[in-house]
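Residue-level listing of the chains:
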Amino acid sequence: MTQVVNPLSAAGSGADDPGLPVIPHFVSGIRDTGGLERRGLVFNPARGVAEKQVPFASAAEVDQAVASALDAQRVWGNFSLSRRAEVMFSFRELLVRRREELAALITAEHGKVFSDALGEVARGIENVEFACGLTHLLKGGHSLDASTGVDVYEQRQPIGVVAGITPFNFPVMVPLWMLSNAIACGNTFILKPSEKDPSASILLAELFLEAGLPPGVLNVVQGDQVAVGRLLEHPDVSAISFVGSTPIARSIYSRAAAAGKRVQALGGAKNHMVVMPDADLDLTADAAVSAAYGSAGERCMAVSVVVAVGAVADPLVAAIASRIHALAIGPGDDPRSEMGPLVTEQHRERVASYVDIGRQEGATVVVDGRERQFEGRGFFLGASLLDAVRPGMRVYEDEIFGPVLGVVRVETYEEALRIVNENTYGNGVAIFTRDGGAARIFSRDVEAGMVGVNVPIPVPVGFYSFGGWKQSLFGDSHMYGPEGIHFYTRTKVITSRWPDPSSSQVDLGFPRTR
């Protein structure tokens, strides 16, 4: 995941080029380029050149978006459930129809290969499909005659204007994690997407408008920490959803909670894949390569540590290394590519530096991705494999967020479990084994929010919820699914008693339970 930063501080050459197309804000159903006094560049990572620019909203522009959302919420919150469901179903159909266009925007601005981008869109649509069931999801309970003549029932109501701050690595899926449930529940939403790949956010907003969503229900504000800071402090914003790095998640949680808002802030990860001696070697090596290097390792559920138990280590390292050399790395719009570039030049250099850091700390560099040569100016980096990694090393402790995989060798299952559980993060984890009993015990005892058994990236389907433990989550609600419905609503319990027309007796006592 990515930090919320000011891209002007690392925009590179051409930051003052006024001729680049502008990716606008989207407020009250209208594209708005806003002021361009502060702006950043949007690069094509495969070419290494800036192709667009994006304005950074001022606090006043954020206030305009919040005012628009506040006005729209008074209308949208009173739409019937069936009318809201109709809009959600129409939005889902438009997403399916335009999925290749969305995927192309992802590939052009993020760099991931087109097939991976299509997969991202598909996983986002899952969340919209879940939200289409809002007529069922928002049903409350009803207890007839909870006490004599007394009925009790519960309602779920929207909480108002909510905001989402989303990362660069999933510019379609993560916004749909948030806004699908939030809007279905009757809230209005302000999206602050990553400034690195913001175009998809505008298409999402326009498709929702085409689906029948009233103007102002979904607003998009482009920007940097100025926009984020205003959303965190604005008194009319009731809740904040965030996905990003742990330091920023911790800060956003503290600031928003201090301002009296609901907060769900998903932080970083260091996902482990425990490989038992009985694991299928080919299946495991394939899974490790796809989970570590898919999307160039720029995903919070990427496997960044393989914990090899016993004698499986040597053949597993050899199998992973042989597959790395066969990886096709190139532009995301080339159908032959299996891995694309990193999102920025600065991030590529940061990730590459960990190979030397690992070597200096005592790890063995089995494959050095920096040795792979690429044509052009794109932000490409080959996949790296480090062996003999140990807890305490920076390559083990830090969230590298790139195509660098470390192998930790242990002798026993108990040692593997201890290493995983002592890690600062608790996002995702996987175990590869043929032993169902070992898998069952591991699933129970491991301290992580999402567990895969012979599944390297255990991202829950849309009708469950996504989120980790420990320093991977700040707040008590996971993202999307049932917990998303809970986060974006507040419950109201009504206790009612209607007088019996056959009796006029007055009871001034406290209602009894029978």
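Not measured: the values here are computed from a predicted model.

Reading the values: rules and limits
- Residues numbered from 1 in each chain as written.
- Predicted model: local features only at pLDDT ≥ 70, side-chain atom pairs only at ≥ 80, totals over all residues.
- Heavy atoms only, no water.
- Core = buried A, V, L, I, M, F, W, Y, C linked by side-chain atoms within 4.5 Å.
- Buried < 20%, exposed > 50% of the residue type's maximum accessible area, 1.4 Å probe, protein only.
- Helix = DSSP H or I, 4+ residues; strand = E, 2+ residues; numbered from the N terminus.
- Contact = heavy atoms within 4.5 Å.
- Polar contact = N/O pair within 3.5 Å; in protein donor to acceptor, adjacent residues only side chain to side chain.
- Pairing = 2+ DSSP bridges.
- Axes fitted to C-alpha atoms, helices over the stretch in contact; angles between N-to-C directions.

## Quick word on the nonpolar core
No. 1: Residues Trp177, Ile183, Phe189 and Phe466 are the most contacted members of the largest nonpolar core, which totals 68 residues.
No. 2: Here the element with the most residues in this core is helix α6 (residues 173-184); it accounts for nine residues.
No. 3: Contact partners of Trp177, with chain neighbours within four places excluded, come to Asn127, Val243, Leu266, Phe466, Met479 and Tyr480.
No. 4: Judged by nonpolar contacts, the second largest core, of 65 residues, contains Leu316, Leu327, Leu386 and Phe432.

## Topic: the environment of Lys112
No. 1: Considering the arrangement of structural elements, one finds Lys112 in the loop between α3 (99-109) and α4 (114-131).
No. 2: Under the relative-accessibility criterion, Lys112 is labelled buried at 2%.
No. 3: Put simply, Lys112 and Ala182 are 70 residues apart on the chain and 28 Å apart in space, counted from C-alpha to C-alpha.
No. 4: Beyond its immediate stretch of four places on either side in the chain, Lys112 contacts Ile106, Thr107, Ala117, Glu120, Asn169, Phe170, Ser295 and Gly332.
No. 5: Within the structure, the side chain of Lys112 is placed 2.8 Å from the backbone oxygen of Asn169, a separation counted as a polar contact.

## A word on the sheet that holds strand β16 (residues 404-410)
No. 1: Judged by pairing direction, the sheet is mixed, and its seven strands sit side by side in the order β14-β15-β16-β13-β12-β18-β19 without closing on themselves. The open sheet has two edge strands with one neighbour each: β14 (364-367) and β19 (450-453). Along the sheet, successive strands turn relative to each other by an average axial angle of 20°, direction set aside.
No. 2: Pairing analysis gives four bridges linking strand β12 (residues 271-275) to strand β18 (residues 428-432), with the strands arranged parallel. When the sheet's bridge partners are listed, Met273 is paired in β18 with Ala430.
No. 3: Lying over the sheet, helix α10 (residues 281-293) contacts β12, β13 (303-309), β15 (384-387), β16 and β18, oriented at roughly 135° with respect to β16.

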